[in-house]
Amino acid sequence: MRNGTAALLAVVVAVGGLGTLGAAPAAGADIEITEWVVPWENTRPRDPYVDGQGRVWFVGQRGDYLAYLDPATGDFRRYELDPGTGPHNLIVDEDGFVWYAGNRAMHIGRLDPETGEIEKILMPTPDARDPHTLTFDHNGDIWFSVQGGSFVGKLGTETGSVELVPVEGRGRRPYGIVVDANNRAWFCQFGTNRLATVDPETLELEEFELPRAEARPRRLALTSNGHLWYVDYAGGQLGRFDPATGEVREWAVPGGAEARPYGMAVDAEDRLYFVESGVRPNRFIGFDPTAEEFFAMTEIASGGGTVRHMYYHPPTGDIWFGTDTNNIGRARVVP
């Protein structure tokens, strides 16, 4: 374990300039961004998650660690992982245990922050070599994607049992994953133009092709009406899929076809947020599904590099993210 203290970057509140091919944001709220510099250089801090004490946990993908930021003090604390673990993502359960994806070491781990002890749950087959993104279901179990190995898995958090569902076909790349109100896991197949879902009881896989063959959905979000939203990383689109009807609608993002929308989140008012990672500096974008318009756009002061995953914290309304420029960031909507 290691401790550190952050340097606080300037707050950004101004809405940035318009991209060349997408729609301009309408007048409305701004997005205020605050960033903390992570004290361990070039470690790719990413995939934050807020625990019950308000601590912001994240992985150091290139540094082989788990850590948290205390936003009130700017202090960091670090927990070491084995060299070569390559942690990719983490989530925190109601008891405060931190679950992480050992992306390069073929396991999902559980950290007890009080003792520093780590329990490793190995994948049941070496083919599932790279656990990728974790998410809780409504029973407290964990669904996860396995990108290179091409599986979707379910981990029983009480039993430690792992069930794997193969995603057949070359280059499918299971990626962003969410769980809907019916406890069904949904995920992107980033190597294709497909979304898919898994029945929690039968583990039966069902796939849906998006209309554009060139689309490459990367991250997902769910709104309260059951609509599944995705960012098309390859084509610069924000898309909506209605599981009840199969209808798909898309909106060109402000940065246009080369915007590379990536990290994504949805707030308590069903407003959507994503980051244009192909724009320098990266830009944090808001979209209102009711008005069907983009309502805010803010540049990330550190540049961002790439924002890969985001987490919405309901008690505070904050959205947390990590950057390839070695920062942990917080976004707030300012009316």
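Structure's up top.
Note that residues are indexed from 1 along each chain, following the sequence as it is written. Given that this is a predicted model, residues contribute local features only at a pLDDT of at least 70 and side-chain atom pairs are listed and counted only at 80 or more, while totals for whole chains, interfaces and linings are drawn from all residues. Water and hydrogen atoms were dropped before computing side-chain values, which therefore reflect all heavy atoms in the structure.

A.B. asks: Kindly report on the pairing of strand β25 (residues 272-276), identifying the contributing residues and their values.
C.D. replies: Each residue is assigned to one of three classes by its accessible area relative to the maximum for its type, calculated with a 1.4 Å probe on protein chains only: buried under 20%, partly exposed between the two thresholds, exposed over 50%. Only DSSP runs of H or I covering at least 4 residues are called helices, and only runs of E covering at least 2 are called strands; the numbering of each starts at the N terminus. β25 sits mainly inside the fold: five of its five residues count as buried. Residues Leu272, Phe274 and Glu276 of β25 are buried on one face, and the alternating residues Tyr273 and Val275, pointing to the opposite face, are buried as well. In this analysis, strands are considered paired if DSSP registers two or more bridges between them. As defined by bridge partners, strand β24 (residues 261-266) adjoins β25 across four bridges and the pair is classed as antiparallel. Its bridge partner lying in β25, Pro261 is registered against Glu276. In this structure, the hairpin formed by β24 and β25 is closed by a connection of five residues, where Asp270 is found at a positive phi of approximately 65°. Two strands pair when backbone bridges link them, and β25 and strand β26 (residues 283-288) are joined in this way by five bridges, in the antiparallel orientation. Of the residues in β26, the one forming a bridge with Val275 is Phe284. Counting the residues in the hairpin turn of β25 and β26 gives six residues.

A.B. asks: Kindly report on the sheet that holds strand β21 (residues 228-232), identifying the contributing residues and their values.
C.D. replies: The sheet built from four strands is open, its strands ordered β20-β21-β22-β23 with antiparallel pairing. Bordering the open sheet on either side are β20 (217-222) and β23 (248-252), each of which pairs with just one other strand. Adjacent strand axes in the sheet meet at a mean angle of 25° when their direction is disregarded. Lines fitted to C-alpha atoms define the axes, with helix axes restricted to the stretch in contact, and inter-axis angles between N-to-C directions lie between 0 and 180 degrees.

A.B. asks: So what about the packing of aromatic side chains? Which residues, and what values?
C.D. replies: Between the rings of Phe, Tyr and Trp (Trp by its six-membered ring), a pair exists once the centres lie within 6.5 Å; its type follows the angle of the planes, with under 30 degrees stacked, over 60 edge-to-face, and the other angles tilted. Under the criterion given, the structure shown has 23 aromatic pairs. Ring geometry for Trp229 against Trp251: centres 5.6 Å apart, planes inclined by 25°, an arrangement best described as stacked. Separated by 22 residues along the polypeptide, Trp229 in strand β21 and Trp251 in strand β23 bring together distant segments of the chain. Judged on exposure class, the residue Trp229 and its partner Trp251 are both buried. Members of the aromatic cluster, joined through ring pairs, are Trp229, Trp251, Phe274, Phe287 and Phe294. For a lysine, the NZ atom is tested; for an arginine, the CZ atom; a charge sits over a ring if that atom is within 6 Å of the ring centre and within 35 degrees of the ring normal. Seen from the ring of Phe97, Arg110 lies directly overhead, with NZ or CZ sitting 4.0 Å from the centre. Over the ring of Tyr233 we find Arg218; its NZ or CZ atom is 4.5 Å from the centre of that ring.

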